[in-house]
Amino acid sequence: MLAIRRINRGLLYVLLLLIACFYLIPVYVVLVTSFKTNTEVSLSQMWWLPHQWSLQALGAAWHALGPNFGNSFMLAIPATILASLFGSINGYALSKWKFKGANVVFFLILFGMFIPYQSVLIPLLKVLDLISLYNTIPGLILVHVVYGIPICTLIFRNFYASIPTDIIESAQIDGTGYWGIYRHIILPLSISGFVVAGIWEFTQVWNNFLFAVAVTNPPHQPVTVALVNIAGSQTVQFNEQMASALIASIPTLIVYIFLGKYFVRGLLAGSVKG
Amino acid sequence: MDVQLAKTGPERRRKRLSSGKIWSMITLIPSMILLLIFVYGFIGWTGWVSTTAWNSIIPNFLSVGLKNYQIVFQTFRFQSDIRNMVVFTVLFILICLIVGLCLALLIDQRIKAESFFRSLYLFPMAISAVATGVVWSWLLNPDTGVNLILKAFGLKHVPQWFLSTRIVPGIPGGQIQIGIPIALLAVLIASVWQMSGFAMAVYLAGLRGIPDELKEAAKIDGANAWRTFWSVILPQLKATTTTIIIILTAASLKVFGLIYAMTGPGQDFVTDMPSMNMFQTTYQGDQFAQGAVISIVMLILIALFIIPYLISTLREEE
């Protein structure tokens, strides 16, 4: 009986490792290809390790992508901070001070997170053009802040729901007002809420393609658009393409590796049931 | 004294509460204004554009009623989009549900290094759709990648992946052939790789929420692992499954970056999607009204899933 159990456990781990290998196939290919020289990258030797590890492709990719990489940071960081702040005060209002109709407001906010953004694109570009923000990074920041409000509000509303109402009631009795309670009680307890919303929003903005390609032209394009341009060009070799994909993915991967726990919480909050 | 305090206490609190509620509404005003303009106003605007004659660079707001809808629905491209979208969404969700549930069950066996495996199966979600598309388009390039391995196993006729133009079974219907475009399977592999971790994470949360007493009771009743799974665990995961289906459907109807980076519309539009069609029709073809039609159709399809889901979720909460 024990022997069967042990064999079963062994099989379980073999299975888990095999699946893990499947998920890692693209990572392997990206890494080995990125470190190959132009002469060594060939269709028939795709799976082989490089004979000679070279930084040539990564250098070339960085040369092409570097400025766009910078654009993505200039875009993602302010957009993340602003959307999280909106999310925090909205979440506080909707979870701790439920007025009549609060759920209708919440519904109207939430729906914005599921719409196909194509359905707002034509007017959006017109309006950005009108306020001189078309083809600018601030314009793209505005877009991401607005369409990031729903998910950030949802994350913070779920997060604040777990803070006991008693604390707020006793602060009220002590005479603390709406904003006093927010500043002295809610905000200090919000750190992990900001981490969850921040990581989620940063990843979404960094990885976004539709708004990026619609709102910006060179040289203001974020890294995702630059990556697609490089990959779509007939003259760029595969080692440089894979190196570009690697560079474009590194920031979100680092965030995921170090703060994955919070990423999962954002993910689960995003499915509405917190 | 005590009696007096008891009297004034609630009164004072009610007053404070109402001023707090007013502040609560004021807090929400900026966001509501932004969203009323950028979501609802713009949707209305797009809806209006879809009924105009604006089909060149120069705006033309002459009303033509639903004529654009008629035109778009009769095009080969849009009919292909609808076929592709339905095929893709159904297969994508089915596979993600099965893979996600299997992974969650494997991870839920009190294994060592649980967080390692969980993070590994989920990491593709942290990567952009376009990077995923670029990498998988190379892995599934018919001349290399996966096909090299298939050839090494002695397969003579290797699949053409996203370059295939076959549609199986390809029954003529409308302008198009109805069936499963083989090229979509390549897109499917990439998107399952990217999103199955989501299903796993939500299923895992669902599994952890099942009370242990239920499983214990099944054990005492003499049910084996298989029976316990079918008659105790699976029914408990109904709500979780609904959640996953809704979220993945919304994601699948919007899929854009992956297609754009991996295949584009494809030959004969075998991998085209409404999102892609809208983008090219509007910004490369300058057919603004027809682009608006496509985006409104996308919105309606998503709304059909999302609105009932949101309403029922918010009701449940109350």
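Residues numbered from 1 in each chain as written. Chains lettered and ligands numbered in written order. Predicted model: local features only at pLDDT ≥ 70, side-chain atom pairs only at ≥ 80, totals over all residues. Heavy atoms only, no water.

Draft legend 1. Here's a closer look at the overall build of chain A. When you go through chain A residue by residue, the secondary structure sums to 11 helices and 0 strands. For chain A, the α and β elements follow one another from N to C terminus as α-α-α-α-α-α-α-α-α-α-α. A globule of 274 residues ought to have a C-alpha radius of gyration of about 19 Å, yet chain A, at 23 Å, is considerably larger. C-alpha extents for chain A along the principal axes are approximately 75 × 75 × 30 Å. Expressed as a percentage of its 274 residues, the buried residues of chain A come to 57%. Here the contacts in chain A between residues at least 6 apart in sequence split such that 74% fall between residues at least 24 apart. Entry remark: accessible area of chain A is about 11,600 Å², with carbon and sulfur atoms responsible for 69%. Measuring between centres, the 13 positive side-chain charges of chain A sit 13 Å from its 7 negative side-chain charges. (Helix = DSSP H or I, 4+ residues; strand = E, 2+ residues; numbered from the N terminus. Rg over C-alpha atoms; globule rule 2.2 N^0.38 Å. Buried < 20%, exposed > 50% of the residue type's maximum accessible area, 1.4 Å probe, protein only. Contact = heavy atoms within 4.5 Å. Areas by Shrake-Rupley, 256 points an atom, 1.4 Å probe, with all protein chains shown as cover. Lys, Arg positive; Asp, Glu negative; His and termini not counted. Charge placed at Lys NZ, Arg CZ, Asp CG, Glu CD.)

Draft legend 2. Region of the structure containing the UniProt feature "transmembrane region" (unreviewed entry) in chain A. Residue and element names in this part refer to chain A. This chain's UniProt record puts "transmembrane region" (unreviewed entry) on residues 12–35, 73–92, 104–125, 137–160, 181–200 and 242–264. As annotated, residues 181–200 comprises 80% helix and 0% strand, and the C-alpha atoms at either end are separated by 26 Å. Helix makes up 100% of residues 242–264 and strand 0%, with an end-to-end C-alpha separation of 27 Å. (UniProt positions renumbered as here; feature names shortened; annotations may be inferred.)

Draft legend 3. Quick look at the interface of chain A and chain B. Contacts between the two partners involve 91 residues from chain A, matched on the other side by 94 residues from chain B. Buried surface at the junction of chain A and chain B, both sides included, amounts to about 8,700 Å², of which 78% is carbon and sulfur. If you look at where chain A meets chain B, you find 0 salt bridges. Applying the counting criterion to the chain A and chain B interface returns 23 residue pairs in polar contact (both at pLDDT 80 or more). Tallying contributions element by element places helix 1 (residues 2–34) of chain A first for the side of chain A that touches chain B, with 17 residues. Taken together, the residues that form the side of chain A that touches chain B break down as 68 nonpolar, 17 polar and 6 charged. (Buried area = accessible area lost by both parts, 1.4 Å probe. Salt bridge = Lys/Arg side-chain N within 4 Å of Asp/Glu carboxyl O. Polar contact = N/O pair within 3.5 Å; in protein donor to acceptor, adjacent residues only side chain to side chain. Nonpolar A, V, L, I, M, F, W, Y, C, P; charged D, E, K, R; others polar.)

Draft legend 4. Focus on the packing of helix 11 (residues 238–269) of chain A against helix 4 (residues 114–122) of chain B. Two elements in contact, helix 11 of chain A and helix 4 of chain B, have axes whose closest approach is 11 Å; the angle formed by their N-to-C orientations is 75°. Considering the angle they form, helix 11 of chain A stands roughly perpendicular to helix 4 of chain B. In this structure, helix 11 of chain A uses A:Tyr256, A:Val264 and A:Leu267 to contact helix 4 of chain B, whose residues at the interface are B:Arg118, B:Ser119 and B:Leu122. In terms of residue class, the contact of helix 11 of chain A with helix 4 of chain B is built from 4 nonpolar, 1 polar and 1 charged. (Axes fitted to C-alpha atoms, helices over the stretch in contact; angles between N-to-C directions. Parallel < 35°, antiparallel > 145°, perpendicular 65-115°, else oblique.)

Draft legend 5. Summary view of the UniProt feature "domain: ABC transmembrane type-1" (unreviewed entry) in chain A. Mapped onto the present numbering, the UniProt feature "domain: ABC transmembrane type-1" (unreviewed entry) falls on residues 69–259 of chain A. Across residues 69–259 of chain A one finds 78% helix and 0% strand; the C-alpha atoms that close the span lie 21 Å apart.

Draft legend 6. Expanded view of helix 3 (residues 102–111) of chain A. Counting buried residues along helix 3 of chain A, 8 of its 10 residues qualify, which places the element largely inside the surrounding structure. Regarding helix 3 of chain A, the residues found buried are A:Ala102, A:Asn103, A:Val105, A:Phe106, A:Phe107, A:Ile109, A:Leu110 and A:Phe111.

Draft legend 7. Region of interest: the nonpolar core. Judged by nonpolar contacts, the single largest core of 192 residues is most densely connected at A:Ile115, A:Leu124, A:Tyr147, B:Phe92 and B:Tyr121. Top contributing element to this core by residue count: helix 7 (residues 182–208) of chain B, with 16 residues. Those residues within four positions of A:Ile115 in sequence are excluded, and the remaining contacts are A:Val120, A:Tyr147, B:Val39, B:Ile43, B:Lys254 and B:Leu299. (Core = buried A, V, L, I, M, F, W, Y, C linked by side-chain atoms within 4.5 Å.)

Draft legend 8. Just the UniProt feature "domain: ABC transmembrane type-1" (unreviewed entry) in chain B, in detail. Feature annotation in UniProt assigns "domain: ABC transmembrane type-1" (unreviewed entry) to the following positions: residues 82–311 of chain B. For the annotated span residues 82–311 of chain B, helix accounts for 69% and strand for 6% of the residues, and the straight-line distance between the end C-alpha atoms is 27 Å.

Draft legend 9. Highlighting the pattern of salt bridges. All names here are of chain B. Across all of its chains, the model carries 5 salt bridges over all chains by this definition. Note that Arg118 is salt-bridged to Glu114, the shortest N-O span being 3.1 Å. One end of the pair is Arg118 and the other is Glu114, both in helix 4 and 4 residues apart, which spans about a single turn. Judged by relative accessible area, which is 29%, Arg118 ranks as partly exposed. Here Asp212 and Lys215 are joined by a salt bridge, their closest N and O atoms 3.9 Å apart. Within this pair, Asp212 and its partner Lys215 are both found in helix 8 (residues 212–220), separated by 3 residues, close to a single helical turn. Judged by its relative accessible area of 46%, Asp212 falls in the partly exposed class. Shared partners join several salt bridges into a network, and the residues in it are Asp108, Glu114, Arg118 and Arg208.

Draft legend 10. Inspection of the layout of surface pockets at higher detail. Roughly 1,400 Å³ of volume is contained in the largest pocket. What lines the largest pocket is a set of 28 residues, among which B:Asp108, B:Gln109, B:Arg110, B:Lys219 and B:Ala225 lie closest to the centre. Of all the elements in the fold, those that place two or more residues in the lining of the largest pocket are helix 1 of chain A together with helix 3 (76–107), helix 7, helix 8 and helix 9 (225–236) of chain B. The leading source of residues in the lining of the largest pocket is helix 1 of chain A, at 7 residues. Across the lining of the largest pocket, the residue classes tally to 15 nonpolar, 4 polar and 9 charged. (1 Å grid on protein atoms, 1.4 Å probe; cavity = no way out; pocket = protein on both sides within 12 Å on 5 of 7 lines; lining within 4 Å. Points joined across faces, edges and corners; volume = space filled by probe spheres on them.)

Draft legend 11. Inspection of the environment of B:Arg227 at higher detail. On the secondary structure map, B:Arg227 appears in helix 9. Separated by 174 residues in sequence, B:Arg227 and B:Ala53 have C-alpha atoms that sit 61 Å apart.

Draft legend 12. Expanded view of a nonpolar patch on the surface. A cluster of nonpolar side chains, namely A:Trp179, B:Ile22, B:Trp23, B:Ile26, B:Ile29, B:Ile33 and B:Ile37, defines an oily patch on the protein surface of about 640 Å² accessible area. Broken down by element, the residue count for the nonpolar patch peaks at 6 residues, all from helix 1 (residues 2–49) of chain B. Its location among the elements puts B:Ile33 in helix 1. (Patch = residues over 30% accessible without salt bridge, like charges linked within 9 Å, V, L, I, M, F, W, Y side chains within 5 Å.)

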